[in-house]
Amino acid sequence: MIELFSFEFIRNALIASLLVSIASGIVGTLVVVNRLSFIAGGVAHAAYGGLGLSAFLGWSPMAGTIPFSLASSLLIGFISRNQKERADTIIGVVWAAGMAIGIILIDLTPGYFTDLMSYLFGSIMAVSGNTLLWMAILDICVIALICFFFKEILAMSYDPEFASIRGIPVRFFYYMILCMVALTVVLLIKAVGLILVIALFTIPASIAELFTNNLQRMMIWSVLLGCVFTAGGILAAYFLDLTAGATIIMFACCAYGISYGVKKVFYRKRR
Amino acid sequence: MTNNTVIELDNVNFGYTSDLAIRNVSFSVQAGDFLGIIGPNGGGKTTLLRLILGMLHPVQGKVLLLGDSPLRTRHNAGYVPQETNVNKEFPIIVHDVVMTGLTTSKGFWRPFTKQQHGQADAILDKLGLLPFRKRKIAELSGGQRQKVLLSRALVSNPSVLFLDEPTASVDATGEDEIYQHLVDINNTGTTIVLVTHNIGIMSKYIKSVACVNKHLHYHPDGKLDEQSVTDTFGCTVDIIAHGLPHRVFQSHHNCKDCHD
């Protein structure tokens, strides 16, 4: 077991799991309490358009994916705020359009796009030192924003109408959360792939929500659970020779099922 | 407009579509009033409240709150939404809900002071909720949650308090209790504007009443005549049959279908 840590790729993967869990735990909590899961799913899938754009223009994957994800999250957010009745349909359209743009741009790119599978299902075992640095920078930004604006974010998440009457710039915070979602999606794609991003956003936060009664604790527990799921998934994937991203998510899904059952039984007994 | 005018609407029109939901509404509310806004479902009660609070903007006419545009002054107002409109499952404790009533556009990243925490506890104590201060909001009853939202609105000492159907999910005892708190608050000089379709209980406590059904009929003495109720609801007999109290419905004894 100890010799496992002598491999650089395992060390990097475990460091990545910690860094990814910090961002996904905090931002995922905001996604869950603000009911933004579908928007986050739309942004994650639309990000594939950014990957296609990067491949087509010969840029590094991040260079195309970051602006594309930010633009799609702001577009989805704008439509969701202004066309509430049609929001789910339009999110679905942006979701599909982003993926279609990505696939078409990759088709038009000469040569073979070898990284396709790694972006769909993640490649946490292959993260570079450079990616770890980007993840650490994102974590610092997310933590700083939450510390600065916690009471305003709490007020707007709980009751946006009341918060706007109190003079809180609700629209600004809404778009700020969506930008945090977009940037976290880009880094989570590296770890678990765009298809599974939504699970890492929502599962740890949803489990934490079952057992906590305030937002700070929910964020802390989401981060801790994310660490357990990603690190546990990486080790299980290594020993069982499975895809790490999918193993992480299966681990998280089983934990969610158990937690939900425990909560239900416990709640019934208390009643 | 006098110095005592808290709310003033001048020929206000508003519509979500080309069909106007509020038509040519002009009226003013004076400081210290306890105004009940009544009307049928879809008559524009909540729309009117939203216009006064600057959440909606009139297509024509002018709305003034505390002498200025609502967008500039509404942070001085307290607002209690319908309890059912707020997320019950949100991970937040009672004390923190009340603290959100002290957030403002100024002082980002500055934590709340001890004195502000004390202010929140004092208001919870006043409404009998101090023992629940650490409870998750989901663990409270509908009536208790409504009182928490009332505490949140009052913690900043607003000069005017708006309530949208404050007793919609509350039983009769809780309803009386909430209205009694409102009377106490009104007695300290706070102007209260309350939207409801429950005329019966409201009529015992209000000072003035406005009937809204696209148009608005304002009755500064809190009394309604038969014509106003008919104009507003379009069905006088049904309302009387459900026990419209004497004070609101002044001249019901002339109605041949009335049942006291």
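Look up: the structure comes first, before these words.
Residues numbered from 1 in each chain as written. Chains lettered and ligands numbered in written order. Predicted model: local features only at pLDDT ≥ 70, side-chain atom pairs only at ≥ 80, totals over all residues. Heavy atoms only, no water.

S.K.: Tell me what's going on with the interface of chain A and chain B, and back it up with residues and numbers.
M.R.: With 26 residues of chain A at the contact, the number on the chain B side is 35 residues. Of all residues in chain A, the largest losses of buried area upon contact with chain B belong to A:Y158, A:I165 and A:R166, amounting jointly to 31% of the total for that side. Joining chain A to chain B, the criterion identifies 2 salt bridges. Between B:R50 and A:E161 there is a salt bridge whose closest N-O contact spans 2.3 Å. Between the two partners, chain A and chain B, sit 13 residue pairs in polar contact (both at pLDDT 80 or more). Of all the elements, helix α6 (residues 129-158) of chain A adds the most residues to the side of chain A that touches chain B, at 8 residues. A per-class count over the side of chain A that touches chain B returns 13 nonpolar, 6 polar and 7 charged. (Contact = heavy atoms within 4.5 Å. Buried area = accessible area lost by both parts, 1.4 Å probe. Salt bridge = Lys/Arg side-chain N within 4 Å of Asp/Glu carboxyl O. Polar contact = N/O pair within 3.5 Å; in protein donor to acceptor, adjacent residues only side chain to side chain. Helix = DSSP H or I, 4+ residues; strand = E, 2+ residues; numbered from the N terminus. Nonpolar A, V, L, I, M, F, W, Y, C, P; charged D, E, K, R; others polar.)

S.K.: I'd love a proper account of unusual backbone geometry, names of residues and values included.
M.R.: All names here are of chain B. The phi dihedral of E165 falls on the positive side, at around 45°, and the residue is not glycine. Summarising the element assignment, E165 is placed in the loop between β6 (160-164) and α6 (172-187). Exposure remark for E165: the relative accessible area of 8% places this residue in the buried category. Positive phi values are uncommon outside glycine, yet K214 reaches one of about 70°. Structurally, the position occupied by K214 is in the loop between β8 (208-213) and β9 (215-219). What makes K214 partly exposed here is its relative accessible area of 26%. (Buried < 20%, exposed > 50% of the residue type's maximum accessible area, 1.4 Å probe, protein only.)

S.K.: Would you mind going over empty space enclosed by the protein in detail, with residue names and values included?
M.R.: All names here are of chain A. Counting across every chain of the model gives 2 cavities of 30 Å³ or more. What the largest cavity holds in volume is close to 40 Å³. L19, V20, A23, M135, L138, D139, T184, L187 and L188 are the residues that line the largest cavity. At the level of secondary structure, the elements contributing two or more residues to the lining of the largest cavity comprise α1 (8-33), α6 and α8 (170-192). In terms of residue class, the lining of the largest cavity is made up of 7 nonpolar, 1 polar and 1 charged. The calculated volume of the second largest cavity comes to roughly 30 Å³. (1 Å grid on protein atoms, 1.4 Å probe; cavity = no way out; pocket = protein on both sides within 12 Å on 5 of 7 lines; lining within 4 Å. Points joined across faces, edges and corners; volume = space filled by probe spheres on them.)

S.K.: A description of the pattern of salt bridges should follow, citing residues and the corresponding values.
M.R.: A full pass over the atoms with the stated rule returns 7 salt bridges over all chains. In this structure, the salt-bridge partner of A:D159 is B:R152, at a minimum N-O distance of 2.8 Å. Taken together, the residues A:D159 in the loop between α6 and α7 (160-165) and B:R152 in helix α5 (residues 142-154) connect one chain to another. Note on B:R152: relative accessible area 0%, which makes it buried. Between B:D68 and B:R72 there is a salt bridge whose closest N-O contact spans 3.2 Å. Its relative accessible area of 27% is what places B:D68 among the partly exposed residues. Owing to a relative accessible area of 55%, B:R72 belongs among the exposed residues under this scheme.

S.K.: Help me get a handle on the layout of surface pockets, residues and values and all.
M.R.: If you roll a probe as big as a water molecule over the atoms, it shows you where there is empty space left. Residue and element names in this part refer to chain A. Considered as a void within the structure, the largest pocket measures approximately 1400 Å³ in volume. What lines the largest pocket is a set of 41 residues, and nearest its centre among them are R81, K84, P160, E161 and V170. Of all the elements in the fold, those that place two or more residues in the lining of the largest pocket are α2 (37-57), α3 (61-82), α4 (87-108), α6, α7 and α8. In terms of residue class, the lining of the largest pocket is built from 20 nonpolar, 12 polar and 9 charged.

S.K.: Outline the nonpolar core, listing residues and values.
M.R.: With 132 residues, the main nonpolar core has A:V185, B:L161 and B:L182 as its most contacted residues. It is α8(A) that contributes the most residues to this core, 16 residues altogether. Once you skip the residues sitting within four places of it in the chain, A:V185 turns out to touch A:A40, A:V43, A:A44, A:A47, A:V197 and A:F201. A:F162, B:L51, B:V195 and B:L216 belong to the second-largest nonpolar core, a separate cluster that totals 31 residues. (Core = buried A, V, L, I, M, F, W, Y, C linked by side-chain atoms within 4.5 Å.)

S.K.: Explain the packing of aromatic side chains to me, using residue names and the numbers behind them.
M.R.: How two aromatic rings sit relative to each other is set out by the distance from centre to centre and by the angle between their planes. All names here are of chain A. If you walk through the whole model with that rule in mind, you get 15 aromatic pairs over all chains. Plain terms: the ring middles of F7 and Y238 are 6.5 Å apart, the flat faces sit at 45° to each other, and that makes the pair tilted. Within this pair, whereas F7 is found in the segment before α1, its partner Y238 is found in helix α10 (residues 215-240), the two being separated by 231 residues in sequence. For Y238, a relative accessible area of 31% puts it in the partly exposed group. (Phe/Tyr/Trp six-rings, centres within 6.5 Å; stacked < 30°, edge-to-face > 60°.)

S.K.: Could you give me a rundown of the pairing of strand β7 (residues 191-195) of chain B, with the residues and numbers involved?
M.R.: All names here are of chain B. Burial runs high along β7: 5 of the 5 residues are buried. Neither face of β7 is exposed, since T191, V193 and V195 on one face and I192 and L194 on the opposite face are all buried. Relative to β7, strand β3 (residues 34-38) runs parallel, the two sharing 4 bridges. Residue G36 lies in a different strand from β7, and its bridge partner there is L194. Examined bridge by bridge, β6 and β7 share 5 bridges and lie parallel to one another. Opposite L163, over in β7, you have L194 as the bridge partner. Note on the crossover from β6 through α6 to β7: the handedness is right-handed. (Pairing = 2+ DSSP bridges. Right-handed = clockwise from strand over helix to strand, strands pointing away.)

S.K.: Describe in detail the sheet that holds strand β2 (residues 22-30) of chain B, supporting the description with residues and values.
M.R.: Residue and element names in this part refer to chain B. Strand order in the open sheet made by the 3 strands is β2-β1-β4, with antiparallel pairing throughout. Strand pairing shows two members of the sheet lacking a second neighbour, β2 and β4 (60-65), which therefore form its edges. Each strand of the sheet is rotated relative to its neighbour by a mean of 10°, with strand direction disregarded. As paired elements, strand β1 (residues 5-14) and β2 share 6 bridges and run antiparallel to each other. For F14, the partnering residue across the bridge sits in β2 and is I22. The sheet contacts of helix α1 (residues 45-52) involve β1, β2 and β4, and relative to β1 the element is tilted by about 120°. (Axes fitted to C-alpha atoms, helices over the stretch in contact; angles between N-to-C directions.)

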